[in-house]
Amino acid sequence: MRKNIVAGNWKMNTTLAEGIALAEGLNKALTGKTTNCEVVIGTPFTHLASIVRIIDANKIGVAAENCADKAKGAYTGEVSAAMIASTGAGYVILGHSERRAYYHETPEILKEKVILALANSLTPIFCIGEVLEEREAGKHFEVVDGQIKASLFDLSAEDFGKLILAYEPVWAIGTGKTATAAQAQEIHAHIRQTVAAKYGKNVADGTSILYGGSCNADNARELFSNPDVDGGLIGGASLSVEKFMPIIEAFDK
């Protein structure tokens, strides 16, 4: 059975002190609580080692928001997958639309990042999704298929099975717009079929596919009730324990 996952992506927010306080608050909110999903928080690089030390690893996983496409060397300012793993973090968010758009990350660059993440025992949360023009032109299936195939389909079935996918309609990120539950289910089911065509039904059925794009306390339960939506990659709402917890609790019966 695939896992239900709610992952927060803090992006370029919080100082170290603020991030520690936020992680401590989430840790406290989850203490003594049984959740029906795994919880992951994606923090800035500067926070990783400190936050790993203070959270209950049985309750919260920690992700980096990116990693380099090189193993090591003269790449000033870059942070390698090995460096991330050395902090105790277990996940890394790759292919986010902001990285693709603002930093021109290509499918080939992302392929290398995924390979390095897996080589260092990190679980990639790999993001895919279309912009508004592509959605309006009816190209959303074509776009997500292309992103998956170009960066991930050289992996073995065993390695692909270690990934988490996150579908993020770019037009819904930070805009307040959200794909309807039906739209989310339609494209998540399509993504799972694309994976099944390459790797078989067992791998596809075991792959968690998260929804990212203005998911919040008001719509999480409806989105997560879809059979092919296995949780969310949450942006702004993950910066507040009061807003994040109801999303985590959306999996409660």
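As shown above, the structure is provided for reference.
A short tour of the structure in this document, coming up. (Residues numbered from 1 in each chain as written. Predicted model: local features only at pLDDT ≥ 70, side-chain atom pairs only at ≥ 80, totals over all residues. Heavy atoms only, no water.)

Moving on to the packing of helix 7 (residues 140–152) against helix 9 (residues 181–199). Helix 9 packs onto helix 7 with a crossing angle of 40° between their chain directions and a minimal axis gap of 10 Å. Our classification of the angle between helix 7 and helix 9 gives oblique. Along this stretch, helix 7 crosses helix 9, giving a crossing that reads as right-handed. Here His140, Phe141, Val144, Asp145, Ile148, Lys149 and Leu152 of helix 7 lie close against helix 9, whose contacting residues are Glu186, Ile187, His190, Ile191, Thr194 and Tyr199. (Axes fitted to C-alpha atoms, helices over the stretch in contact; angles between N-to-C directions. Helix = DSSP H or I, 4+ residues; strand = E, 2+ residues; numbered from the N terminus. Parallel < 35°, antiparallel > 145°, perpendicular 65-115°, else oblique. Left-handed = near helix turned anticlockwise from the far one by under 90°. Contact = heavy atoms within 4.5 Å.)

This next bit is on the pairing of strand 1 (residues 5–9). Where burial is concerned, most of strand 1 is hidden: five out of the five residues are buried. Note: strand 1 against strand 2 (residues 38–43), five bridges, orientation parallel. Looking at strand 2, one finds that Ile5 is bridged to Glu38. Between strand 1 and its parallel partner strand 2, the chain crosses via helix 1 (residues 16–30), and the hand of that crossover is right-handed. The pairing of strand 1 with strand 8 (residues 231–234) spans four bridges and is parallel. If you follow Val6 over to strand 8, its bridge partner there is Gly232. (Buried < 20%, exposed > 50% of the residue type's maximum accessible area, 1.4 Å probe, protein only. Pairing = 2+ DSSP bridges. Right-handed = clockwise from strand over helix to strand, strands pointing away.)

Turning our attention to the environment of Arg135. Topologically, Arg135 is positioned in helix 6 (residues 132–136). You can call Arg135 buried: its relative accessible area is 13%. A sequence separation of 35 residues divides Arg135 from Val170, and the C-alpha atoms of the two residues are 9.5 Å apart. Once residues within four sequence positions are removed from consideration, Arg135 is found in contact with Glu130, His140, Tyr167, Trp171, Gln183 and Ile187.

With that settled, the discussion passes to the nonpolar core. Residues Leu26, Phe160 and Phe224 are the most contacted members of the largest nonpolar core, which totals 65 residues. Once you skip the residues sitting within four places of it in the chain, Leu26 turns out to touch Val39, Ile41, Ile60, Val241, Phe244, Met245 and Ile248. Formed by twelve residues, the second largest nonpolar core is a distinct cluster that contains Ile5, Ile93, Ala166 and Leu233. (Core = buried A, V, L, I, M, F, W, Y, C linked by side-chain atoms within 4.5 Å.)

Within the secondary structure, Ile191 is located in helix 9. Put simply, Ile191 and Ala204 are 13 residues apart on the chain and 8.8 Å apart in space, counted from C-alpha to C-alpha. Residues in contact with Ile191, not counting those within four places in the same chain, are Ile128, Val144, Ile148, Leu165, Tyr167 and Ile209.

The quantities given are spatial measurements derived from coordinates; they are silent on function.
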